[in-house]
Amino acid sequence: MSRPALSMSGVEKSFGPFRALGPVDLDLMANERLGIIGPNGAGKTTLINCITGVLRPDSGSVRFEGADITALPSFRRARLGISRTFQIPHPFRGMSVVENLLVPLDYIHGVEDRHRRAAEVLERVGLSARAAYPSEDLSQLELRKLELARALVGNPKVLIADEAMAGLSEAEIDEVLAILYSLNEQGVAVIMIEHIMHAVMRFSQRVVCFETGQLIASGTAEEVTRNPTVQKVYFGE
Ligand code: ADP
C-alpha cells in the first residue's frame, strides 16, 4: 500500500452545461480496498468511466502506475490492468460458462493455453464445477461469479466491482466478499462501488463518499459513517 496504482487529479466531466463530476482528486494505492458510496446521480459511474476510458475527462488527468493514461482508449487501459464488472451481468447466451471466458481469451493462440487460463480464472471465483453449464442456467450468485471471472481474464491489477452484490442474500454477499478478499490478497487493488452499506463498509480499508459530483468525505468506514455531511446525504437533516 505504498505507491498509488491509480491517481486522478482535477478530473472533471460535464454533459452539456451540467457538471456530473469534479473536480476530483483521488488516489488508489496498489493493493488497496477502496469503497465508493454515494446516492444515485452522485457521479460514481461517471468516475468509473473516466478511469476505464469510456469517457474522456474535460480536464484533469488519470495516471496508472505513474503513466498518464488520460488519452488512452478503454482496451489499452484493460491491457495495462484496469478491469471492471458490470452491474447487470450480460453473459454470452448460448455459450457455456467456460466458453464465455474463452471469447475474451482468443488473443492467446494455443487452444490448451486458453483453456488452462480459463480454468484458472474459474477456480479463482469458485465456478470450476459449472464450467460446462449453459450460462443461462446459472443462479444469480453464479452469474455474479461469472461476471467477476470475465473481469479477471486479463489478470488485472485494479478491479472495479460495480454493484457486484445487488440482489444477493446475506450468505451470497459473504461469498462474493470472500472472493474479492482473496483476489486482494493475491495483489489486486479493488474499488467497490456498492449500495449494500454493511458490505462496502466491512470490506473497504478506506471509503469515499460522492454527492453531486463532489467527493464529500473520505476515511475509514467508521469515520465516513459518522461524518455529518454523509449522514445528511443519506438520512436527511
Ligand atoms: P451515479 O453512478 O453515482 O448514480 P452517474 O455518474 O451515473 O451517477 O451520474 C451523475 C450525473 O450525471 C447524474 O445527474 C446523471 O443524470 C448525469 N449523467 C450521467 N451520464 C450522462 C450522460 N451521458 N448525459 C447526460 N447526463 C448524464
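Residues numbered from 1 in each chain as written. Predicted model: local features only at pLDDT ≥ 70, side-chain atom pairs only at ≥ 80, totals over all residues.

Describing the sheet that holds strand β7 (residues 158–162)
Part 1 of the argument: Spatially, the 6 strands line up as an open sheet ordered β6-β7-β8-β3-β9-β10, and their pairing is mixed. Every interior strand has two partners, whereas the edge strands, β6 (82–84) and β10 (214–219), have only one. In this sheet, neighbouring strand axes are inclined to one another by 20° on average, regardless of whether the strands run parallel or antiparallel.
Part 2 of the argument: Note that strand β3 (residues 33–37) and strand β8 (residues 189–193) share 4 bridges and pair parallel. The residue of β8 that forms the bridge with Leu34 is Ile191. (Pairing = 2+ DSSP bridges. Helix = DSSP H or I, 4+ residues; strand = E, 2+ residues; numbered from the N terminus. Axes fitted to C-alpha atoms, helices over the stretch in contact; angles between N-to-C directions.)

Here's the deal with the site of the ligand
Part 1 of the argument: Lining the immediate surroundings of the ligand are Phe15, Ala20, Gly38, Asn40, Gly41, Ala42, Gly43, Lys44, Thr45 and Thr46.
Part 2 of the argument: Considering each element in turn, the shell around the ligand owes the most residues, 3 residues, to helix α1 (residues 44–52).
Part 3 of the argument: Tallied by class, the residues present in the shell around the ligand amount to 3 nonpolar, 6 polar and 1 charged. (Near = placed C-beta within 6 Å. Nonpolar A, V, L, I, M, F, W, Y, C, P; charged D, E, K, R; others polar.)

What about unusual backbone geometry?
Part 1 of the argument: The omega angle of the peptide bond from Gly22 to Pro23 is 5°, so this bond is cis rather than trans.
Part 2 of the argument: Here Asn155, not a glycine, exhibits a phi torsion of approximately 55°, which is positive.
Part 3 of the argument: By the secondary structure assignment, Asn155 is in the loop between α5 (140–152) and β7.
Part 4 of the argument: For Asn155, a count of 12 C-beta atoms within 10 Å puts it in the exposed group.
Part 5 of the argument: Of note, the phi angle at Glu163 is positive, near 45°, even though the residue is not glycine. (Buried ≥ 20, exposed ≤ 12 C-beta atoms within 10 Å, placed from the backbone.)

Some points on α5
Part 1 of the argument: Between the first and last C-alpha of α5 there are 19 Å, a value that for 13 residues agrees with the 18 Å anticipated at 1.5 Å per step.
Part 2 of the argument: Taking burial as the measure, the 13 residues of α5 include 10 buried ones, the bulk of the element.
Part 3 of the argument: Those residues of α5 lying buried are Glu142, Arg144, Lys145, Leu146, Glu147, Leu148, Ala149, Arg150, Ala151 and Leu152. (Expected span 1.5 Å × (residues − 1).)

Quick notes on helix α4 (residues 111–124)
Part 1 of the argument: The terminal C-alpha atoms of α4, which comprises 14 residues, lie 20 Å apart, in line with the 20 Å expected from a rise of 1.5 Å per residue.
Part 2 of the argument: Listed as buried for α4 are Arg114, Ala118, Val121 and Leu122. Projected down its long axis, α4 shows its buried positions confined to an angular sector of 100°, all on one face. Of the exposed residues in α4, the ones pointing more than 90 degrees away from its buried face are Glu112, Asp113 and Glu123.
Part 3 of the argument: Check the buried side of α4 and you find it contacts α3 (97–102) and α5.
Part 4 of the argument: In the segment just after α4, Gly126 is the residue with positive phi, at about 70°. (Arc of directions from axis to C-beta. Contact = placed C-beta atoms within 7 Å.)

By themselves these figures say nothing about function.
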